[in-house]
Number of protein chains: 2
Amino acid sequence: MLVVQKFGGSSVRDTERLLNVARIVTDTYKQGNEVVVVVSAQGDTTDDLIAKAKELGKKNSKREMDMLMAAGEQISIALLAMAIESLGCPATSLLGWQAGFVTNSTYGAARIKRVNAERIRTELDKNRIVVVAGFQGLNRNEDVTTLGRGGSDTSAVAIAASMHADLCQIYTDVEGVYTADPRKIPNARKLSEITYGEMLELASLGAQVLNNRSVEMAQKYNVELEVLSSLNRVPGTRVMEVAKMEKMLIKGVAKDTSVGRVMVVGLPDEPGIAFKVFSLVARAHVNVDIILQSVGRDGTKDITFTVPAEDGADAVEALKDFCERMGAKDLRYDTECAKVSIVGAGMETHEGVAAKMFEALADADINIEMISTSEIKISVLIALADADRAVAAVHKAFFETND
Amino acid sequence: MLVVQKFGGSSVRDTERLLNVARIVTDTYKQGNEVVVVVSAQGDTTDDLIAKAKELGKKNSKREMDMLMAAGEQISIALLAMAIESLGCPATSLLGWQAGFVTNSTYGAARIKRVNAERIRTELDKNRIVVVAGFQGLNRNEDVTTLGRGGSDTSAVAIAASMHADLCQIYTDVEGVYTADPRKIPNARKLSEITYGEMLELASLGAQVLNNRSVEMAQKYNVELEVLSSLNRVPGTRVMEVAKMEKMLIKGVAKDTSVGRVMVVGLPDEPGIAFKVFSLVARAHVNVDIILQSVGRDGTKDITFTVPAEDGADAVEALKDFCERMGAKDLRYDTECAKVSIVGAGMETHEGVAAKMFEALADADINIEMISTSEIKISVLIALADADRAVAAVHKAFFETND
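Cut-offs and rules
- Residues numbered from 1 in each chain as written.
- Chains lettered and ligands numbered in written order.
- Predicted model: local features only at pLDDT ≥ 70, side-chain atom pairs only at ≥ 80, totals over all residues.
- Heavy atoms only, no water.
- Helix = DSSP H or I, 4+ residues; strand = E, 2+ residues; numbered from the N terminus.
- Rg over C-alpha atoms; globule rule 2.2 N^0.38 Å.
- Buried < 20%, exposed > 50% of the residue type's maximum accessible area, 1.4 Å probe, protein only.
- Contact = heavy atoms within 4.5 Å.
- Pairing = 2+ DSSP bridges.
- Axes fitted to C-alpha atoms, helices over the stretch in contact; angles between N-to-C directions.
- Least-squares fit on C-alpha atoms with pLDDT ≥ 70 in both.
- Salt bridge = Lys/Arg side-chain N within 4 Å of Asp/Glu carboxyl O.
- pLDDT = per-residue confidence, 0-100.
- Phe/Tyr/Trp six-rings, centres within 6.5 Å; stacked < 30°, edge-to-face > 60°.
- Polar contact = N/O pair within 3.5 Å; in protein donor to acceptor, adjacent residues only side chain to side chain.
- Parallel < 35°, antiparallel > 145°, perpendicular 65-115°, else oblique.
- Left-handed = near helix turned anticlockwise from the far one by under 90°.
- Nonpolar A, V, L, I, M, F, W, Y, C, P; charged D, E, K, R; others polar.
- Expected span 1.5 Å × (residues − 1).

Looking only at helices and strands, chain A features 11 helices and 20 strands. Taken against the 2.2 N^0.38 rule, which gives 22 Å for 403 residues, the C-alpha radius of gyration of chain A at 24 Å falls within 12% of a compact globule. Residue burial in chain A is summarised as follows: out of 403 residues, 57% are buried. For chain A, the share of sequence-separated contacts (at least 6 apart) that also reach a separation of at least 24 residues comes to 74%.

See below:
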């Protein structure tokens, strides 16, 4: 079996952790598997390098920042290869470019165009464990690029996809994907399986176990993922196609507190006015999430929508002139809200799900301000202060009762 | 003019030093020169990386050690490029392989086979300053190699040679090459010019300003070198062919205390016995320096020779059986000696030089135990305890008097 294993920066932060990872890798190898290991920079290396660069200037060249950052994984791959060899197994480390990662030229957030995995294959054929630098590649000018946040997950999936690996294991500091954040909800359950779509919704809703690009890529190329802990050797959560799964309706409850709400109050109730609002926002490259439209008794229209909190100022700026011209009564913005969602494939065919969620919130005296649904999730916007209580109440209704 | 400038680890050890180097580089650039900068890893980076590796094992793979070490220059080139850009000049950093360094596969001490400098040329043609990682290259398997101690000097000279640079400046923490170690001899004078051959003798005698391989390469490809300080902006010492120089007979006094002396006492005085001794030593890969043979009154022969102190044990080991078989009286080894030398091209045609040196030593009551001469140097072996006094006396005779 060809297995790709990915370990993040905290998993390799010191000698002890490096040896722990080396034991996981060599155990997999000794079971007769071909193993490709993808690794991030050690613990604080990236932050240290960024601090050094900041001393030289606030606006450093992005090309040079990528050159600098890429040294981090170079250190960790060499050390991990040594750790593996110290346990008696042959290992070869490869930089992003040596492993065949070709990216575009967007320094700091490059996208992988392809992985030419011949060199990895050659090393595997020599019965060696291959340790690959995650997060980095080479553009067509032969300059070093980095993939941006969470890039090592994507590196691992890209290798798994291009080599048709049997499994891509993403090791983290949690044991898998849970029905809710286990630090907040003590009764949160670890899921044994989840679909790519559910994983994407959970990640975008703040569960932050896997990088979204890596899940999208896994889905596209049908790479079976497993999220598991590098510290406790127990099975994690498998991420796969719907077809392969045993059914379980609801997969989890997620909370997103980095949400902002834009309210445009008292617009004229004319056809096309909503279109106008959202095209202005789109032009500012702001993604709109939940939308609420209401017509007031005085013949005016209110439009409320949520955006990622970091884009709030841009959204308001984009609408200012328009609101003035249209004689809108008010243009408000606040971040005193949170989005709580339940995620599960196939819930659209089960009407009871929404009712059960709303009932749980009502019983907890939590007011629902906006609602949004998709094939695999139901989200509600509530007051920020109620967020944790809401997650607890919804989790209890779906996962801690016997019906 | 195309200028190659090389800066060592201490010259770029922190932000302040990086900006100092950036100022030297940009000043050279603004004077209308094309500038290629070769830089080593920052101050303690290499030691830190070695320490991390040691925690994992005593005998790490040399390939992986090179992969690890090479991250050091990757950090320094990116930071220096940023520092240069912060001063308003365009800069591009290049790793060893990007700069075209092809080496053999002797990890940790690789030799440069060639520099394919097209990429450097392309960047210079875009009016950019090019910052190249010293000390590293790529072998034919596309694996990262390092050149070993002093490798960055060699990197700089190799670029200068392959691009036919007009000058290769090696920046250090001293202002140039002196007639003696200026920390020990307050009256030591800085030389404005020196030949490659003299530089090689001084380096091998412990002056340690320039790496020997780099001087040999400079001589072979006729690259004009300048050794100068990165902290004080004053002219340094130019290293060049004899033909280009104004004459100055003696260039310096050097001391080498890492010398060991092997004494084989009481060998039979037979033809070929010395040949036998030295072929055994050569077979142990030990370089012999000064040799003294003497025939005793009892018809036996004593052979004494010096070797680098680190090879002393090997030399003795190589001779043990032979000495027993030949009935030698004794096989002794000690390191209580030092070699003091004067260096200067053309001294062989000036017999007064040796006499002057011996007189200075005699006046200081220092006993000469062995003597060796070449075209450009005279070396004497003396007691270790006398070494500093000997250097001072010889320096005074040649450089601090008016005759």
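On to the sheet that holds strand β19 (residues 370-373) of chain B. Hydrogen bonds between backbone groups are what pair the strands of a sheet, and the pairing can be parallel or antiparallel. All names here are of chain B. Read from one edge of the open sheet, 4 strands run β13-β18-β20-β19, paired in antiparallel fashion. Each edge of the sheet is formed by a strand with only one pairing partner; in this case those strands are β13 (252-256) and β19. Neighbour to neighbour, the strand axes of the sheet diverge by 20 degrees on average, direction disregarded. Bridging between β13 and strand β18 (residues 337-343) involves 5 bridges; their strand directions are antiparallel. Across the sheet, the residue bridging to Asp-256 is Lys-339, located in β18. Here helix α10 (residues 352-363) sits on the sheet in contact with β18, β19 and β20 (377-383), set at roughly 20 degrees to β20. Across the sheet, helix α11 (residues 387-399) touches β13, β18 and β20, and the angle it forms with β13 is around 170 degrees.

What follows deals with the relation of the copies chain B and chain A. Overlaying chain B on chain A yields an RMSD of 0.1 Å, the required transformation being a rotation through 180 degrees with an accompanying axial translation of 0.1 Å. One copy is carried onto the other by what is essentially a two-fold rotation axis. Ranked by how close their C-alpha atoms come to the rotation axis, the residues of chain B are headed by Ala-71 of chain B, at 2.6 Å. Interface residue correspondence from chain B to chain A reaches 100%, placing this contact among same-surface, isologous pairings.

Let us look at the pattern of salt bridges. As a working rule, side chains carrying opposite charge can pair if their charged atoms are close by. Tallied over the full model, the rule gives 52 salt bridges over all chains. Across the pair Glu-123 of chain A and Lys-126 of chain A runs a salt bridge whose closest N-O atoms are separated by 3.6 Å. Under the relative-accessibility criterion, Glu-123 of chain A is labelled buried at 4%. For Arg-238 of chain A, the salt bridge identified is with Glu-226 of chain A, shortest N-O distance 3.8 Å. In this pair, Arg-238 of chain A sits in strand β12 (residues 237-240) while Glu-226 of chain A sits in strand β11 (residues 225-229), placing the two residues 12 residues apart along the sequence. Here the salt bridges share partners, and the residues they tie into one network are Arg-63, Glu-64 and Asp-143 of chain A together with Glu-85, Arg-119, Glu-123, Lys-126 and Arg-128 of chain B.

Further remarks concern the confidence of the model for chain A. For chain A, per-residue confidence averages 91 on the pLDDT scale, and 96% of positions sit at 70 or higher. Predicted complex, confidence summary: ipTM 0.80, pTM 0.82.

Our focus in this paragraph is the packing of aromatic side chains. Residues and elements named next belong to chain B. This structure, assessed with the given rule, holds 5 aromatic pairs over all chains. A ring pair is formed by Phe-278 and Phe-305, whose centres lie 5.2 Å apart and whose planes are at 65 degrees; its orientation type is edge-to-face. You can see Phe-278 sitting in helix α8 (residues 273-283) and its partner Phe-305 sitting in strand β16 (residues 300-308), a full 27 residues away along the chain. We classify Phe-278 as buried; its relative accessible area is 18%.

What follows deals with the side chain of Asp-334 of chain A. Considering the arrangement of structural elements, one finds Asp-334 of chain A in strand β17 (residues 330-334). Separated by 3.0 Å, the side chain of Asp-334 of chain A and the backbone nitrogen of Glu-336 of chain A make a polar contact.

Here we come to the packing of helix α3 (residues 62-86) of chain A against helix α3 (residues 62-86) of chain B. In the contact formed by α3 of chain A and α3 of chain B, the axes pass within 8 Å of each other and the chain directions differ by 165 degrees. Viewed along their axes, α3 of chain A and α3 of chain B adopt a mutual orientation that is roughly antiparallel. For α3 of chain A against α3 of chain B, the interelement crossing comes out left-handed. A class-by-class count of the residues in the contact of α3 of chain A with α3 of chain B yields 22 nonpolar, 2 polar and 2 charged.

All names here are of chain A. Spanning 25 residues, α3 covers 37 Å between terminal C-alpha atoms, matching the ideal 36 Å at 1.5 Å per step. For α3, a buried count of 21 out of 25 residues is recorded, marking the element as mostly surrounded by other parts of the structure. The N-capping residue of α3, defined by a side-chain oxygen 3.3 Å from the backbone nitrogen of Arg-63, is Ser-61. Where α3 ends, the next residue or the one after it, Gly-88, has phi of about 90 degrees, a positive value.

What follows covers unusual backbone geometry. Residue and element names in this part refer to chain A. For Asn-127, which is not glycine, the phi dihedral falls at a positive 65 degrees. You can see Asn-127 is positioned in the loop between α4 (118-125) and β6 (129-133). Here the phi dihedral of His-164 falls at roughly 50 degrees; this positive angle occurs in a residue that is not glycine. With respect to the helices, strands and loops of the structure, His-164 is situated in the loop between α5 (151-162) and β9 (167-172).

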